[in-house]
Amino acid sequence: MARVSGEDEAMLQAMLRQLFQSVKEKITGAPSLECAEEILLHLEETDENFHNYEFVKYLRQYICNTLGSMIEEEMEKWTSDQNQGEEFGYDTVVQHVTKRTQESKEYKEMIQSLKNIMMIVVESMINKFEEDEIRSQERQKKIQKEKSSSYCTDNCSDSDSSFNQSYKFCQGKLQLILDQLDPGQPKEVRYEALQTLCSAPPSDVLNCENWTTLCEKLTVYLSDPDPVFSDRILKFYAQTFTLSPLHMTKEIYTSLAKYLELYFVSRENHIPTLSTGIDISNPNVTHLLKKIRLLNEYQKEAPSFWIRHPEKYMEEIVESTLSLLSVKHDQSHLVSQKILDPIYFLALVDTKAVWFKKWMHAYYSRTAVLRLLEKKYKSLITTAVQQCVQYFELCETMKGDEVLGHSKSCGIKQKTFYYSGQELQYIYFIHSLSLLGRLLIYTQGRKLFPIKLKTRKDSVSLTDLLVLFTQLIYHSPTCPKMASPGHLENYSPASMATEVLCILCDQKECAIECLYNNTVIEALLQPIHNLMKGTKAAPNCSETALIHIAHILARIASVEEGLTLLLYGENMNSSEEKSPTGAHLIAQFSKKLLDEDISIFSGSEMFPVVKGAFTSVCRQIYGTCEGLQVLIPYSLHESIAKAWKKTSLLSERIPTPVEGSDSVSLVSQESQNIMAWEENLLDDLLNFAATPKGLLLLQRTGAINECVTFMFNQYAKKLQISRHKKFDYGVLVTQVASTAAGAVALQNSGFINAIITELWANLECGRDDVRVTHPRYTPVDPIDQSCQKSFLALVSLLSYPAVFELVGNQSLPNKAEYSLREVPTSVIGNEPYPWPMFSSYPLPNCYLSDCVTRSTDLKQGKMLIPFLSQMFLILHTSNKTTFHSSTTHSHLSLPLTLYVENENCRRQFCKIMKAKPDIISGALVELLEKFVLHLSESPSECYFPSVEYTATDANVKNENLSSVQQLGIQMTVRYGKFLNLLKDDAENDLTLVLKHCERFLKQQQRSHTGHDWFASSLFIIMLGDKEKTFQFLQQFSRLLTSAFLWLPRLHISRYLPVDTIESGTHPVYFCSTHYIEMLLKAEVPLVFSAFHMSGFAPSQICLQWITQCFWNYLDWVEICHYIATCVFLGPDYQVYICIAIFKHLQQDILQHTQTQDLQVFLKEEALHGFRVSDYFEYMEILEQNYRPVLLRDMRNIRVQST
């Protein structure tokens, strides 16, 4: 056994005393020894000072001295073993080292040694405690002999040891107290007996054999006419509730509940009626309310500890409560003569039914409550529904003033001593509303419906109840604005109904079952319908009611299922929907509000709040791709921008307050209101940037700079994002950075400077909250965690338009020397293109696969030669047909013939792609030439007019190409040589092709700033033939597909609307990537959610893929298949291919979302394993579902002729 010196023993005893003194309250409050042990075992989790205790420090040092070297050796060994293999996380290392340590001989020896030391110390402390205890008892006996007073004192605390007092409070003493409590005894004797009972430890009283008899007696004595006596019994009950375990307090509670139940049932007690109301200054009422409040306080506290005890205790408490609340008197025919039931008194002390909320929170108690409600006490729910129905009928039938008088109880917290019958009915209504709202959250609670009422023929269904709650918002009166506005708002009918509906909206399963149906939505929109028709919305509908309705609609629109209901109605696939859906009506109403086209609210102080509430609902809708598509016809961006400009002018005209003037506070309040409204409108405009097409609309308003500055200010203040927003500013920043105008706005706002400064600070100094630990022997992460967030924020900005705007045509700054603390504030790079792969040599393996040999693999596809022959035959025949028809003027059958031929050719292409796609590569040149020639000669297929071009090689030879284009030419030729598709002199030919393209496109638009990757791809496909390449591009430029496949084709083109040209946004972004995001959300929702969780937008990476024509991402054959598929099958296949890629990458995307490097993965990694042909059937399904919408929108990008 280990030896401990006297000094060490004394030190350890002092440490233990400090520890026990600090946790004394926690241990003494424990109901049992097991609970006390549990508290000590979990002390580190519950005590913030745990690591400051001297005993804990001693243990830590003891372990470190004994096992420290062994742990370090084990970690070194583990780290070195893992350097060659898979890299494990920190948690894995800890688990491994901990396991090895616990299994070691040193650990077992340390535990045994520590146990021996502590046994010596604890044994010594116990001996000292016993000695002290004997001395204390002797001292106590001396004091008892000297004093003549009773051993009972007024100390009601049980902090003294019950063990020391139990021998005094014997069975005989309890019997004596019972005798003294008898009503026949003098008042003083009874008081003294009750005082003695209150002074005794509750555990000793409850453990006596006579406890059951005492409990029965006390229950009877609660009706004692002496108020002091009954109050002391309640004091004993309260003390017992506080200091005793559940199995004891349960008996007290059930006896009190049984007493109250008998009290209300008895005809001898004078219980108030509805007509007389409740006067709380009446002693009888006061005593009754005290008993109800004591019961209610225990109801709210019991759920925090009853799970630790047998279920039967909890069930007895629940059943006794429900039995009490279900008490009903035999009512007379007159409502005014109705005797008040227990539920009225409970509603007085707990108006919002907090007790029921706590009971329903945990599954443990909720199961019992719902089972008893269903089997025995369903009448409690029935009366609650009946109360809500009666109040609503009262609101409908009574005049406004009368209802207002009836609802004055919304200020129940005002100091009053009397509650009228109407006020009691209202309080009971609030209690019922709260109880039903909590009940509907849970599946088993909803199964209690429908409810059959005596006053109605039809049962009340869930939908009926939700419609009732909705109608209460705009039919019930607004509380008067006098006194205590906080309480008035909390207890007003509209606020309470709104609170209940918002809670239901937050519960997805409940909302789908209860709220998301046309009936409830129509009830919510009814006052808006009436206002739009120019009629009065409802008898008492006010601005406040409309704000409540907008608040609920915003909650509904923030959830996918609710948004779908608002956009398309309940039967989204049905053509029977005649009336406009909720989204249309909300947009129309919001537009009228913004344009101030509704006179009913003009001049009202609340009018801006109403406008803000409904534009917030619209924001939830147009912040999604599918929602924006529905709301575009209403031009809300224009109305919001107009309102913002008007408000901005008003804020500039506010006079400067003069010191000492009475108008200072008024001017200050007015300016605050205007500034708040201005910021709200900017936020509404900013949320258009959540989608690609929405960003285009925002740029058209001319407010993008102000919106981005507002966003940066919010970001800099680190304000919490609203709960209704589906994403933080990361997604918005990514969208904005995808366009040149957006990148400039970000730069001007200071956003980019802030991100770079933050990244540099993290790189240089690290975070302040990082704990100082031993450095690792080898690096584990490719980037330090402290820098990762800032780094990814910067990566999200680096779209090609942003990079070009920030670093294009700028020289790299260079200084002879830099100061020590110089921090960069801008993005300057030495490479003007964002493709790191092209700066290395040789090319990655994905570019050096078997592409070289595929061009000669036609012999292996003999079975598919008929397919190709048939395609050539169709194209050859169709060309002849076109020529013949045009010469004979038989143009009546020409469009139909061409359509059939085109469809036949497309069908043959699909068959080949599905059967053996690689065969396409060998004949791609001729197929593309003939098919595009065929389409370009068909007027119905030509989207753009023909442009005459007569320049020769000599005319363009002296044209200059940008450095970006020259680099692109070098890369293209190098890649073509690797594929054995280009010759050594191809660079000059490609240069001429690009110069011709630039001259050709300059006739219709401005020059494109980047490299033309599509033309470069065509040049390789055409095997370096510059005549064929340029001729193909000229013909192809007439087709709609060229607008989306060949990006320079529509770069700031005259064929686009003026406001689109001014924004500089390409149709691929505001059309293709917009629908990619829309389809991604519907088809691959997990990937869509992953993007938003990562603060990254799918549109940006898709724009990069398409701009580069998938160079750096796909194998050459797949690039050819991408181009051929879009040319043959239509531009919408560009969208379907991107969706197929995301579907292919789903698992990788989800994994990199978890590791928080999704942006880096998508920008840097090739699309491994993706083949266009593998997803052809899936893309055909997408075509069937989405082509009409996509092609219609794609055809609408050009200015239409009038």
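The structure under discussion appears in the preceding block.
Residues numbered from 1 in each chain as written. Predicted model: local features only at pLDDT ≥ 70, side-chain atom pairs only at ≥ 80, totals over all residues. Heavy atoms only, no water.

Novice: Provide a residue-level description of the packing of aromatic side chains, including the pertinent values.
Specialist: Under the counting rule described, the total for this entry stands at 45 aromatic pairs. A centroid spacing of 5.9 Å and a plane angle of 80 degrees characterise the contact between Y263 and F264, whose relative ring orientation is edge-to-face. Judged by its relative accessible area of 13%, Y263 is buried. With relative accessibility at 0%, the residue F264 sits in the buried group. A centroid spacing of 5.1 Å and a plane angle of 75 degrees characterise the contact between Y1133 and Y1136, whose relative ring orientation is edge-to-face. On the criterion of helical spacing, the pair formed by Y1133 and Y1136 is a turn pair, its members being three residues apart in helix α58 (residues 1132-1144). Both residues of the pair, Y1133 and Y1136, count as buried. Of note, K352 hangs over the ring of Y491, and the distance from its end group to the ring centre comes to 5.2 Å. Its guanidinium or amino end placed over the ring of Y1178, K1143 lies 5.0 Å from that ring's centre, counting from NZ or CZ. (Phe/Tyr/Trp six-rings, centres within 6.5 Å; stacked < 30°, edge-to-face > 60°. Buried < 20%, exposed > 50% of the residue type's maximum accessible area, 1.4 Å probe, protein only. Helix = DSSP H or I, 4+ residues; strand = E, 2+ residues; numbered from the N terminus. Lys NZ or Arg CZ within 6 Å of the ring centre and 35° of its normal.)

Novice: Before we move on, could you go through the side chain of T739 and cite the residues and values that matter?
Specialist: You can see T739 is positioned in the loop between α38 (729-736) and α39 (740-749). A relative accessible area of 4% means that T739 is categorised as buried. Among the polar contacts listed, one links the side chain of T739 to the backbone nitrogen of G742, at a separation of 3.1 Å. Those residues in contact with T739 that sit more than four places away from it in its chain are L695, Q699, P801, T1065 and Y1069. (Polar contact = N/O pair within 3.5 Å; in protein donor to acceptor, adjacent residues only side chain to side chain. Contact = heavy atoms within 4.5 Å.)

Novice: Tell me about the environment of D984, and name the residues and values.
Specialist: The topology assignment puts D984 in the loop between α48 (963-978) and α49 (986-1002). According to the relative accessible area criterion, D984 is exposed, its value standing at 67%. When the C-alpha positions of D984 and V973 are compared, they lie 8.1 Å apart, and in sequence the two are 11 residues distant.

Novice: Account for the packing of helix α29 (residues 543-557) against helix α30 (residues 560-568), naming residues and giving values.
Specialist: Look at α29 against α30: their axes get within 6 Å of each other, and the N-to-C directions meet at 110 degrees. The orientation of α29 relative to α30 falls into the category roughly perpendicular. The segment α29 lies against α30, with L553, I556 and A557 engaging G562, L563 and L566. Across the contact of α29 with α30, the residue classes break down as five nonpolar, one polar and no charged. (Axes fitted to C-alpha atoms, helices over the stretch in contact; angles between N-to-C directions. Parallel < 35°, antiparallel > 145°, perpendicular 65-115°, else oblique. Nonpolar A, V, L, I, M, F, W, Y, C, P; charged D, E, K, R; others polar.)

Novice: Before we move on, can you summarise the environment of H361 with the specific residues and values?
Specialist: Relative to the helices and strands, H361 is located in helix α18 (residues 354-361). For H361, a relative accessible area of 64% translates into the label exposed. C-alpha separation for the pair H361 and Y442, spaced 81 residues apart in sequence, amounts to 9.8 Å. When near neighbours in sequence (up to four residues on either side) are disregarded, H361 contacts R366 and Y442.

Novice: Report on the environment of D595, specifying residues and quantitative values.
Specialist: In this structure, D595 sits in the loop between α31 (582-594) and α32 (607-622). Residue classification places D595 among the partly exposed positions, given a relative accessible area of 35%. Separated by 45 residues in sequence, D595 and I640 place their C-alpha atoms 8.7 Å apart.

Novice: Describe the side chain of T219, listing the residues and the values that go with them.
Specialist: Here T219 is to be found in helix α12 (residues 211-221). Setting aside its immediate chain neighbours within four residues, T219 contacts Y237, S255 and Y259.

Novice: For the packing of helix α16 (residues 311-325) against helix α19 (residues 363-375), give the residues involved together with the corresponding values.
Specialist: Close contact between α16 and α19 brings their axes to 10 Å; oriented N to C, the two are set at 45 degrees. Of the possible angle classes, the one that applies to α16 and α19 is oblique. α19 is crossed by α16, and the crossing has right-handed handedness. Facing α16, whose interface residues are E311, M314, E315, V318, E319 and L322, α19 presents Y364, S365, A368, V369, R371, L372 and L373. Considered class by class, the residues forming the contact of α16 with α19 number eight nonpolar, one polar and four charged. (Left-handed = near helix turned anticlockwise from the far one by under 90°.)

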